[in-house]
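The residues making up each chain are set out below.
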Amino acid sequence: MQGKKLLLAEDDQLLASLLNYRLEKGGYDVSLTHNGREVKEFLNNSIPDIIISDIMMPYFSGIELIDYVRNDLKSSIPIIIISSAGNEENVLTAFELGANDFISKPVSPSELLVRIARELNKV
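Residues numbered from 1 in each chain as written. Predicted model: local features only at pLDDT ≥ 70, side-chain atom pairs only at ≥ 80, totals over all residues. Heavy atoms only, no water.

Student: Which residues make up the nonpolar core, and what values do they have?
Tutor: The biggest cluster of nonpolar side chains holds 21 residues, and the ones touching the most others in it are Val39, Leu43, Ile51, Leu65, Val69, Ile81 and Ala94. For this core, the secondary structure elements donating two or more residues are β1 (5–9), α2 (36–45), α3 (62–72), β4 (79–83) and α4 (88–97). Tallying contributions element by element places α3 first for this core, with 5 residues. Here Val69 is in contact with Leu43, Ile51, Lys74, Ser75, Ile77 and Ile79, once residues within four sequence places are set aside. Leu8, Leu19, Ile103 and Leu120 belong to the second largest nonpolar core, which has 17 residues in total. (Core = buried A, V, L, I, M, F, W, Y, C linked by side-chain atoms within 4.5 Å. Buried < 20%, exposed > 50% of the residue type's maximum accessible area, 1.4 Å probe, protein only. Helix = DSSP H or I, 4+ residues; strand = E, 2+ residues; numbered from the N terminus. Contact = heavy atoms within 4.5 Å.)

The structure is reproduced here in structure tokens:
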């Protein structure tokens, strides 16, 4: 997946740094955002090949992000949600709004890489 553009939205700085490192080593061109405001600004200027987003973020949640991408941007960009709030309601809401996948924290970077490759190979 060399050169595929990936948007990573994660407000936990340590996890964001770890995932960013592993994703870049995996050959992805990663744009890192830490809150919903940065995500929206990024998406208004650039379209990634895939979005990886936490559910709980300041200013704009992962659920709101899915809704924004699917309904406002009218985009089918693959979206993978990662969250420690992996309760059934959040998972169902994410899928109902159009998320492609959901991973509960703690996130295995190796598993995330496999899931990203799987989503990108569907396109």
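Student: An account of the packing of aromatic side chains is requested, with residue identities and associated values reported.
Tutor: Aromatic ring pairs are described here by two measures, namely the spacing of the ring centres and the angle between the planes. Counted by the stated rule, this structure contains 1 aromatic pair. Between Phe60 and Tyr68, the aromatic rings sit 5.8 Å apart at their centres with planes inclined by 80°, giving edge-to-face as the arrangement. Side by side, Phe60 and Tyr68 carry an identical accessibility label, which is buried. (Phe/Tyr/Trp six-rings, centres within 6.5 Å; stacked < 30°, edge-to-face > 60°.)

Student: Could you give an account of the side chain of Ser75, naming the residues involved and the relevant values?
Tutor: Summarising the element assignment, Ser75 is placed in the loop between α3 and β4. In this structure Ser75 comes out as buried when scored by relative accessible area, which is 16%. At 3.1 Å, the side chain of Ser75 forms a polar contact with the backbone nitrogen of Ile77. Among all residues touching Ser75, those that are not within four sequence positions of it are Val69 and Arg70. (Polar contact = N/O pair within 3.5 Å; in protein donor to acceptor, adjacent residues only side chain to side chain.)

As far as function goes, none of this settles anything; it's purely spatial.
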